[in-house]
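Coordinates in review
Spelled out from the first residue to the last, the chains are:
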Amino acid sequence: MSIPPGTRTKLCGFGRYPTITGRLVAARDRAELSAVLQAEPSLIARGNGRSYGDAALNADCVVSMLGLNRFVDFDAATGVLVCEAGILLAEILQVMVPRGWFPPVSPGTQYVTVGGMVAADVHGKNAHRDGTFGQYVEWLELMQQDGTIKRCSRTRYPAWLHATIGGMGLTGVIVTVAFRMIAIRTAWIHRELYTAVGLGAAMELLDRHAGRHYTAAWVDCHARGKALGRAVLFCGEHAEVAALPPGTAALHIPQRWTATVPLTPPCSLLSGFCGRLFNELYYPLNRLKVRQQLVDYQRFFYPLDAITGWHRLYGPRGFCQYQCVFPDATSHRGVRAVLQAQAASGQASPLAVLKRLSAGSGLMSFAMPGYTLAMDYVASESTFTLFRSLDAIVAEHGGRIYLAKDSRADEIAAGYPVEQFRHFRKAVDMRFNSLLAERLRL
Ligand SMILES: Cc1cc2nc3c(=O)[nH]c(=O)nc-3n(C[C@H](O)[C@H](O)[C@H](O)COP(=O)(O)OP(=O)(O)OC[C@H]3O[C@@H](n4cnc5c(N)ncnc54)[C@H](O)[C@@H]3O)c2cc1C
């Protein structure tokens, strides 16, 4: 068994805050992975680094799973796909969409691995209706530090499955995942668009459209007073063949327009004046847009993926996302208080999304029935001061912050069953560790 050599390199999440110099080891197969796990006293698995903060960082050893990216099996009768955990969602879409299959849950980017989707128990635009990714996992194989593999399902090692879904890589390394896909007839989405003059109207729209397959609202964080929380709501359904214009290929979509941000600008081009201008224009322009439209699935689910490196536009300091969820009973008050606090701080997120969630499927899943709000800010002292005040609002309303997005909280909100998770890790002598886990004493 050979241990692949590691490289010392700069490592960070998608937000580029924090950045550390650490050792990255790339495993190409199970044997190499097993050798690394047995040799390293402390390590964490890394997918494609699309979590924003320090969830996939460890000062001693980070194991890249991108080399374990093979399709293993597909059963067209049940829709169950078996694949290695390092495969990208983008690779799955490329192969499966032309065959009429779609992931049951998809985050806002396709450049995530299946292992990362399980570890964060990701939610998508259908979270209000269909839950989170973990719900569709039939079984997964988890490698332990001694190199042995546990196949976990709802009947075998169910506690391990429950702790691994949403467990942020802290229960072992996910090697293989079997999950259910959904059948589609076209690669097109029938999109509807609505505008809401303020937060109350936006939440009412999301509630009214809760029966739709996909819903999500963009929120203008620059709006104040009565317009606080004004929003554009997007709803979507998978289109039927009969709805496509004649001659349209049902399961193939046209080549997409793409661009690249080649360099990091010396200052943020997304906050301040530019962010305000974008938000000032986005809302009125969407009021003028066609309300119903057929768009390809790439445009509907992954609009930002068309611009490689768009996050560089936040400038050299990097950026942080604040994503919180509030339970149903406190959602309205909680989301309003968060928007008011950021308005009072004089800062405004250039991009913000409001969604309705239902329960997650893992012990440490972020999702719960209620509303979630996600907002981006340049990493700075004033941002961290704002985030601390938002943490207090989240704690007061029984909410949670999303671990896949967090990079700086020093307490984990009481909304997580954290003692149970710590107990599980202690009981099985867990040495998988990340900066996130150290920071939050998981
Ligand atoms: C533009 C953008 C939009 C996003 N939209 C959404 C969204 O709508 N909904 C949502 O829920 N999330 C969203 N995310 C977050 C993203 O889906 C999660 O952070 C996901 O975990 C990233 O997957 P990854 O493969 O890049 O994992 P990484 O970022 O590399 O790792 C994330 C976590 O998973 C663990 N992990 C990764 N692979 C394994 C493995 N094989 N075994 C064990 N643990 C593993 C890591 O240890 C780490 O704790 C978004 C991110 C971006 C950048």
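Residues numbered from 1 in each chain as written. Predicted model: local features only at pLDDT ≥ 70, side-chain atom pairs only at ≥ 80, totals over all residues. Heavy atoms only, no water.

Among the 35 residues in the neighbourhood of the ligand, the closest are listed as A45, G47, R50, S51 and T113. One of the backbone nitrogen or oxygen atoms of G49 is found 2.9 Å away from an oxygen atom of the ligand. Note that an oxygen atom of the ligand is positioned 2.7 Å from one of the side-chain N or O atoms of Y402. Coverage of the ligand by the protein chains reaches 97% of its 950 Å² of free accessible surface. Elements represented by at least two residues in the shell around the ligand include exactly β3 (44–46), α3 (114–119) and β10 (173–180). Residue composition of the shell around the ligand, grouped by class: 19 nonpolar, 12 polar and 4 charged. (Near = heavy atom within 4 Å. Polar contact = N/O pair within 3.5 Å; in protein donor to acceptor, adjacent residues only side chain to side chain. Areas by Shrake-Rupley, 256 points an atom, 1.4 Å probe, with all protein chains shown as cover. Helix = DSSP H or I, 4+ residues; strand = E, 2+ residues; numbered from the N terminus. Nonpolar A, V, L, I, M, F, W, Y, C, P; charged D, E, K, R; others polar.)

Another aspect to go through is the layout of surface pockets. Within this model, the second largest pocket holds a volume of roughly 510 Å³. Contributing to the lining of the second largest pocket are 21 residues, with Q94, Q110, I253, Y297 and Q298 lying nearest its centre. When residues in the lining of the second largest pocket are grouped by element, the largest group, 4 residues, is from helix α2 (residues 89–96). When grouped by side-chain class, the residues that make up the lining of the second largest pocket number 10 nonpolar, 7 polar and 4 charged. Built from parts of two domains, the lining of the second largest pocket gets at least three residues from each of domain 1 (71–184) and domain 2 (188–401). (1 Å grid on protein atoms, 1.4 Å probe; cavity = no way out; pocket = protein on both sides within 12 Å on 5 of 7 lines; lining within 4 Å. Points joined across faces, edges and corners; volume = space filled by probe spheres on them. Domains from an automatic or database assignment.)

A sheet is described by the order of its strands in space; here 5 strands give the open sequence β5-β6-β10-β8-β9, paired in antiparallel fashion. For this open sheet the edge positions go to β5 (71–75) and β9 (149–153), each flanked by a neighbour on one side alone. With direction set aside, neighbouring strand axes in the sheet form an average angle of 10 degrees. Along the sheet, α2 makes contact with β5, β6 (80–84) and β10, crossing β5 at roughly 45 degrees. (Pairing = 2+ DSSP bridges. Axes fitted to C-alpha atoms, helices over the stretch in contact; angles between N-to-C directions. Contact = heavy atoms within 4.5 Å.)

To continue, consider the packing of aromatic side chains. Tallied over the entire structure, the rule returns 20 aromatic pairs. Between F366 and Y402 the ring centres are 4.5 Å apart and the planes differ by 15 degrees, which places this aromatic pair in the stacked class. Taken as a pair, F366 in the loop between β19 (352–357) and β20 (370–378) and Y402 in the loop between β21 (400–401) and α11 (418–427) lie far apart in primary sequence, 36 residues in all. Exposure remark for Y402: the relative accessible area of 5% places this residue in the buried category. Residues Y377 and F387 carry aromatic rings whose centres are separated by 5.5 Å and whose planes lie at 75 degrees to one another, so their mutual orientation is edge-to-face. Separated by 10 residues along the polypeptide, Y377 in strand β20 and F387 in helix α10 (residues 381–396) bring together distant segments of the chain. Here the aromatic residues F102, Y214, Y297, F300, F301 and Y302 are joined through ring pairs into a cluster of three or more. A cation over a ring is seen here: R400 above Y416, with NZ or CZ 5.2 Å from the ring centre. (Phe/Tyr/Trp six-rings, centres within 6.5 Å; stacked < 30°, edge-to-face > 60°. Buried < 20%, exposed > 50% of the residue type's maximum accessible area, 1.4 Å probe, protein only. Lys NZ or Arg CZ within 6 Å of the ring centre and 35° of its normal.)

Moving on, we get to the packing of helix α9 (residues 331–344) against α10. At their nearest, the axes of α9 and α10 sit 10 Å apart, and the two run at 160 degrees to each other. Judged by the angle between their axes, α9 and α10 are roughly antiparallel. Note that α9 runs across α10; the crossing there is right-handed. Judged by residue contacts, G334, A337, V338, A341 and Q342 of α9 engage L386, L390 and I393 from α10. Its residues assigned to classes, the contact of α9 with α10 comprises 6 nonpolar, 2 polar and no charged. (Parallel < 35°, antiparallel > 145°, perpendicular 65-115°, else oblique. Left-handed = near helix turned anticlockwise from the far one by under 90°.)

The next point concerns a nonpolar patch on the surface. Among the surface-exposed residues, F273, L277, L281 and L285 lie close enough to one another that they form a single nonpolar patch of about 420 Å² accessible area. Inspection of the secondary structure assignment puts L281 in helix α7 (residues 272–288). (Patch = residues over 30% accessible without salt bridge, like charges linked within 9 Å, V, L, I, M, F, W, Y side chains within 5 Å. Salt bridge = Lys/Arg side-chain N within 4 Å of Asp/Glu carboxyl O.)

This next bit is on the domain arrangement of the protein chain. Domain boundaries assigned for the protein chain yield domain 1 (71–184) and domain 2 (188–401). On a C-alpha basis, the centroid separation for the pair domain 1 and domain 2 is 24 Å. Each partner contributes residues to the interface: domain 1 has 31 residues there, and domain 2 has 32 residues. On the domain 1 side of the contact with domain 2, H123, K125 and H128 bury the most area, a combined 28% of that side's loss. There are 0 salt bridges connecting domain 1 and domain 2. Between the two partners, domain 1 and domain 2, sit 17 residue pairs in polar contact (both at pLDDT 80 or more). Where the side of domain 1 that touches domain 2 is concerned, the elements lending two or more residues are α2, α4 (127–130) and α5 (158–164). Among the elements that make up the side of domain 1 that touches domain 2, the one with the highest residue count is α4 (4 residues). Of the residues contributing to the side of domain 1 that touches domain 2, the split by class is 12 nonpolar, 15 polar and 4 charged. (Buried area = accessible area lost by both parts, 1.4 Å probe.)

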